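Understanding the architecture of this molecule
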Amino acid sequence: MLLRRTASLVSLPLVLLAVSCAPVEESGSAGGSGDDTSSAQATPAADLDPAECAAGATLVSDGTLTVGTDSPAYDPWFTDNDPTNGEGFESAVAYEVADRLGFGADEVTWQTVPFNSSYKPGPKDFDLDINQISITPARAEVVDFSSGYYSAAQAVIALEGTAGADATSLEDLQGLRLGAQTGTTSLTAIRDVIQPEADAVVFEDTNAAKQALQNDQVDAVLADLPTAFYISAVEIPDSVLVGQFQPETGEQEEFGMLFEKGSDLVPCVDAALAQMDDDGTLADLEQRWLSDVVDVPQLQ
């Protein structure tokens with residue numbers, strides 16, 4: 001079950017704290033397929049009890065749910081660079097999922113996992129990873145994904161009074177110096193959707209991208225919409241949110257929790273997310289941490 005919800009175009013309250021990019025390079029299918037043909041995976045998520053399902057799942061450490069994310073863990077996805085406090089959208093979602101799987105907060109352990117390492121093939125030292133990871137076909141070949149827990153759009157940030165700030169279309173961006181974090185859908189969107197005349201500038205992380213923008217090394221940078229809004233509203237006050245667009249096919253890009261290929265925990269998490277979607281919990285958490293809709297121009 002792939003959760004299809006309209007992306008919140010975020011006017012982040014100032015209580016939200018410091019920021020990230022939305023990483024990857026493809027798009028697409030929810031995970032949970034793997035090679036496991038157990039009855040749990042054959043049963044629709046809506047019909048599974050998450051806790052009963054998780055009780056029989058294989059974990060990195062028995063009795064503990066090990067959750068991976070990158071460091072630093074940026075706002076608004078996490079708060080104060082501390083995934084363990086349950087604050088920020090992804091931390092709150094992770095603890096809510098854990099609770100529905102039957103794990104108390106003291107039974108959740110966090111593991112630092114660099115973003116670009118999370119979707120590499122092979123064994124994982126976490127049970128699930130939550131880190132603004134877009135569900136894409138290429139990644140789903142070597143890892144599994146949960147259903148989507150957040151619908152994302154790409155957004156463009158530029159400094160006030162610059163050529164980037166004057167752009168009103170994707171075509172207007174083609175002659176500009178554009179940059180994004182390595183391994184992200186933002187970088188892929190520059191290359192595949194905008195197709196600028198100059199090669200995209202690639203940064204190790206969002207902090208480096210922000211610094212380059214302020215140093216006039218690029219005309220604009222791309223990030224997922226909540227991250228971009230926070231950068232513009234809080235971190236770089238003399239910047240503007242130029243606009244937003246959907247990458248690749250125009251279908252809604254979604255973030256999913258990531259698992260080792262063949263993980264039998266996937267259907268359990270899908271069941272928890274299905275419950276959270278049905279009872280409004282996901283919408284409530286999105287409203288609390290990513291705020292309400294704001295009028296961000298659509299770039300065509």
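Before reading on, note that the structure itself is shown above.
Now for a description of the structure that goes with this document. (Residues numbered from 1 in each chain as written. Predicted model: local features only at pLDDT ≥ 70, side-chain atom pairs only at ≥ 80, totals over all residues. Heavy atoms only, no water.)

**Here we look at unusual backbone geometry**
Cis geometry is found at the peptide bond from Ser71 to Pro72, where omega equals 5°. Assignment of secondary structure puts Pro72 in the loop between strand S1 (65-69) and helix H3 (89-101). Asp75 connects to Pro76 through a cis peptide bond whose omega is 0°. Along the chain, Pro76 turns up in the loop between S1 and H3. The backbone phi angle of Gln132 is positive, close to 50°, even though this residue is not glycine. With respect to the helices and strands, Gln132 occurs in the loop between strand S3 (128-129) and helix H5 (137-140). (Helix = DSSP H or I, 4+ residues; strand = E, 2+ residues; numbered from the N terminus.)

**Observations concerning the packing of aromatic side chains**
For any pair of aromatic rings, the description consists of the separation of the ring centres together with the inter-plane angle of the planes. Enumeration over the complete set of coordinates arrives at 10 aromatic pairs. Taken together, a centroid distance of 5.6 Å and an interplanar angle of 65° make the contact between Trp77 and Phe255 edge-to-face. You can see Trp77 sitting in the loop between S1 and H3 and its partner Phe255 sitting in strand S10 (residues 253-260), a full 178 residues away along the chain. Assigned by exposure class, Trp77 and Phe255 land together as buried. Judged by centre distance (6.0 Å) and plane angle (90°), the ring pair of Phe78 and Trp110 falls under edge-to-face. Of this pair, Phe78 sits in the loop between S1 and H3 while Trp110 sits in strand S2 (residues 108-112); the two residues are 32 residues apart in sequence, bridging distant segments of the chain. (Phe/Tyr/Trp six-rings, centres within 6.5 Å; stacked < 30°, edge-to-face > 60°. Buried < 20%, exposed > 50% of the residue type's maximum accessible area, 1.4 Å probe, protein only.)

**Section: the pattern of salt bridges**
One pass over the structure, following the stated rule, counts 6 salt bridges. A salt bridge links Asp216 to Arg177; the shortest N-O distance between them is 2.9 Å. Placement of Asp216 in the loop between helix H8 (206-214) and strand S8 (220-224) and of Arg177 in the loop between helix H6 (170-173) and strand S6 (178-181) is noted, with a sequence separation of 39 residues between them. By relative accessible area, which is 51% here, Asp216 ends up exposed. (Salt bridge = Lys/Arg side-chain N within 4 Å of Asp/Glu carboxyl O.)

**Examining the pairing of S2**
Sheet analysis places S1 next to S2, joined by 5 bridges and oriented parallel. In the sheet register, Leu65 faces S2, and the bridge partner there is Val108. Assessed by its sense of winding, the connection that carries the chain from S1 through H3 to S2 is right-handed. (Pairing = 2+ DSSP bridges. Right-handed = clockwise from strand over helix to strand, strands pointing away.)

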